[in-house]
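Chain residues, written in single-letter form:
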Amino acid sequence: KPLVFSGVQPTGNLHLGNYLGAIKKFVALQDTNDCIYCVVDLHSLTAQLVHQDLGEQTRSITAAFLASGIDPKKHIVFNQARVMQHAELAWIFNCVARIGWMNRMTQFKDKAGKDRENASLGLLAYPSLMAADILVYRATHVPVGEDQKQHLELTRDIAQKFNNDFSARIAELGVGVEMKVGEETVNGFFPITEPVIGGPAARIMSLRDGSKKMSKSDPSDLSRINLTDDADTISKKIKKAKTDPDALPGEVEGLEGRPEAENLVGIYAGLADMSKEAVLSEFGGQQFSVFKPALADLAVEKMAPVAGEMRRLMADPAYIDSVLRDGGNRARVIAEGTMKKVREIIGLLGD
Ligand code: TYM
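Predicted, not measured: the structure shown is a model, and the values here were computed from it.

Asks: Would you explain the overall build of the protein in this entry?
Replies: Per the secondary structure count, the protein includes 14 helices and 7 strands. Here the C-alpha radius of gyration of the protein, 21 Å, is about what a compact globule of 351 residues would show, namely 20 Å. For the C-alpha atoms alone, the extent of the protein along its principal axes is close to 65 × 50 × 45 Å. Every one of the 351 residues in the protein was classed for burial, and the buried ones make up 40%.

Asks: Explanation requested: the site of the ligand in the structure shown.
Replies: As a structural note, the neighbourhood of the ligand is formed by 25 residues, with Gly7, Gly17, Gly21, Val144 and Gly145 the closest of them. Only strand S1 (3-8), helix H1 (16-29) and helix H7 (121-135) provide two or more residues apiece to the shell around the ligand. Within the shell around the ligand, the residues separate by chemical class into 11 nonpolar, 10 polar and 4 charged.

Asks: Sorry, what's going on with the domain arrangement of the protein here?
Replies: Frequently, the measure chosen for interface size is the accessible area that the parts lose on association. For the protein, the domain assignment lists domain 1 (3-196 + 317-346) and domain 2 (221-313). A separation of 31 Å is found between the C-alpha centroids of domain 1 and domain 2. Domain 1 puts 12 residues into the contact, and the matching count from domain 2 is 11 residues. For the side of domain 1 that touches domain 2, the secondary-structure elements that each account for two or more residues are H1 and helix H3 (54-68). Sort the elements by how many residues they give to the side of domain 1 that touches domain 2 and H3 lands first, with 5 residues. Grouping the constituent residues of the side of domain 1 that touches domain 2 by class yields 9 nonpolar, 3 polar and no charged.

Asks: Help me understand the confidence of the model for the protein in this model?
Replies: A low pLDDT score tells you not to read the predicted coordinates there in detail. Chain-level pLDDT for the protein is 96 on average; 100% of the residues reach the 70-or-more range. Interface confidence for the predicted complex, given as ipTM, is 0.99, next to a pTM of 0.97.

Asks: How should I be thinking about helix H12 (residues 276-283) in this particular structure?
Replies: Every α-helical turn comprises 3.6 residues, leaving residues that sit three or four positions apart pointing alike. Within H12, the full set of buried residues consists of Val279, Leu280 and Phe283. Each buried residue of H12 lies within a common arc of 95 degrees when the element is viewed along its axis, so the set occupies one face. Just beyond H12, the residue with positive phi is glycine 285, at close to 90 degrees.

Asks: What am I meant to see in the nonpolar core here?
Replies: Where a protein is soluble and globular, its nonpolar side chains tend to be buried together. Membership of the largest hydrophobic core comes to 94 residues, with the highest contact counts inside it found for Ile36, Ala64, Leu89 and Ile267. The leading source of residues in this core is helix H13 (residues 288-314), at 9 residues. Ignoring any residue separated from it by four or fewer positions in sequence, one finds alanine 64 in contact with Leu14, Ile23, Leu227 and Met310.

Asks: Explanation requested: the environment of isoleucine 192 in the structure shown.
Replies: Note that isoleucine 192 resides in the loop between strand S6 (184-188) and strand S7 (194-196). Assessed through the 17 C-beta atoms surrounding it within 10 Å, isoleucine 192 is described here as partly exposed. Measuring from C-alpha to C-alpha, the distance between isoleucine 192 and valine 40 comes to 21 Å, with 152 residues separating the pair along the chain. Discounting chain neighbours no more than four positions away, the residues touching isoleucine 192 are Arg156, Ala159, Gln160, Met179 and Val181.

Asks: Explanation requested: the packing of H3 against H13 in the structure shown.
Replies: To describe two helices that pack against each other, one gives the angle between their axes and the distance between the axes. It is at 8 Å that the axes of H3 and H13 come closest, and there the two elements cross at 130 degrees. The orientation of H3 with respect to H13, classified from their angle, is oblique. Our pair here, H3 against H13, has a crossing hand that is right-handed. Contacts from Arg59, Ser60, Ala63, Ala64, Leu66, Ala67 and Ser68 of H3 reach H13 at Val306, Glu309, Met310, Leu313 and Met314. For the contact of H3 with H13, the class distribution of residues is 8 nonpolar, 2 polar and 2 charged.

Asks: Got a minute to help me understand H3 in this structure?
Replies: Taking 1.5 Å as the rise per residue, H3 with 15 residues should run 21 Å; its terminal C-alpha atoms sit 21 Å apart, in good agreement. Count one or two residues on from H3 and you reach glycine 69, which has phi positive near 115 degrees.

Asks: Sorry, what's going on with the pairing of S6 here?
Replies: Successive side chains on a regular strand alternate, one facing one side of the sheet and the next facing the other. When strand S5 (residues 177-181) meets S6, the two strands line up antiparallel, connected through 5 bridges. Counted as the bridge partner of glutamate 178 is asparagine 187 from S6. The hairpin turn running from S5 into S6, its antiparallel successor, is 2 residues long, and glycine 182 in that turn takes a positive phi close to 65 degrees.

Quick notes on the rules
- Residues numbered from 1 in each chain as written.
- Predicted model: local features only at pLDDT ≥ 70, side-chain atom pairs only at ≥ 80, totals over all residues.
- Helix = DSSP H or I, 4+ residues; strand = E, 2+ residues; numbered from the N terminus.
- Rg over C-alpha atoms; globule rule 2.2 N^0.38 Å.
- Buried ≥ 20, exposed ≤ 12 C-beta atoms within 10 Å, placed from the backbone.
- Near = placed C-beta within 6 Å.
- Nonpolar A, V, L, I, M, F, W, Y, C, P; charged D, E, K, R; others polar.
- Domains from an automatic or database assignment.
- Contact = placed C-beta atoms within 7 Å.
- pLDDT = per-residue confidence, 0-100.
- Arc of directions from axis to C-beta.
- Core = buried A, V, L, I, M, F, W, Y, C linked by C-beta atoms within 7 Å.
- Axes fitted to C-alpha atoms, helices over the stretch in contact; angles between N-to-C directions.
- Parallel < 35°, antiparallel > 145°, perpendicular 65-115°, else oblique.
- Left-handed = near helix turned anticlockwise from the far one by under 90°.
- Expected span 1.5 Å × (residues − 1).
- Pairing = 2+ DSSP bridges.

Structure representation (structure tokens):
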């Protein structure tokens, strides 16, 4: 049975990239699947250990989930630190994964910079905790933006190596399930997770520079639309977005070599639930002086209510905390069920 898991870090402001690349998909998937959505506070310690407003940021991501339409009664919404089984499984995965696998991660290379010897061990092991987040629930589907693809491939490698290394014990204990790995059918304990990436908004770029992704850490606030921006700010940022002097093409091929134009078309498509083709068949041949106001109106129509609802929810931190506590209690039951079996497979003594 499919189970969806995904996580968002409580670092900085959420932006339109997070919304279109991830949160909007979380909402779409909840109608037909069981879903677990997590604010990954332990992961955020790799970026900033001493964090004055970690609690506030954790609540703010939770508010964004709820304001976007995630139903915390039908699904599970919680913060990672409440379920210590994530950290326990991450430790085991640290012993499954190889240092070379971690060293190859582009996100690690980017974040560690030149002085790699001085990066925290947590930053290197980040993907191992991410694999644990997913696999402690034996989740099968993970909706994320394009930038998380490599981490999800590593999650699959870790699951596969664990299944292989312990195949005899898994069979002996009868805790495996039949699964397809490529052409082969194997009996494994952890599923080989499917990434859910794609659509026109899997990689939203900066509004100031079409070669950089929209990011929480960009020093220019004009580079992104924050989930908390009001209507005027959203309009202003779209009108100031970098473009080129040409009209929009009639076909997607015409966007090649025009990253800023392609990005704005992708944003329109993501917000309107259309394909880029459909957007261009409506706006092909038009100048940005026509397209930008249409995009600004659409963005305000879709995003301003989310911002408003987030503000309303943030005024009631006790409610948000009750959602996280309840979600944590439900998540812990599933996670502990997995860990009991994992301890048994490995041969760790416990009750
Ligand atoms: P994070 O917190 O950086 O981002 C949250 C989600 O937003 C997506 N995203 C984007 N999508 C499109 N365009 C962009 N410019 C853009 N920027 C961010 C991300 O791909 C992500 O889906 N490692 C993860 C958090 C995590 C996780 C997990 C995710 C921890 N454990 C388990 C899935 C499953 C991260 O840093 O996301």
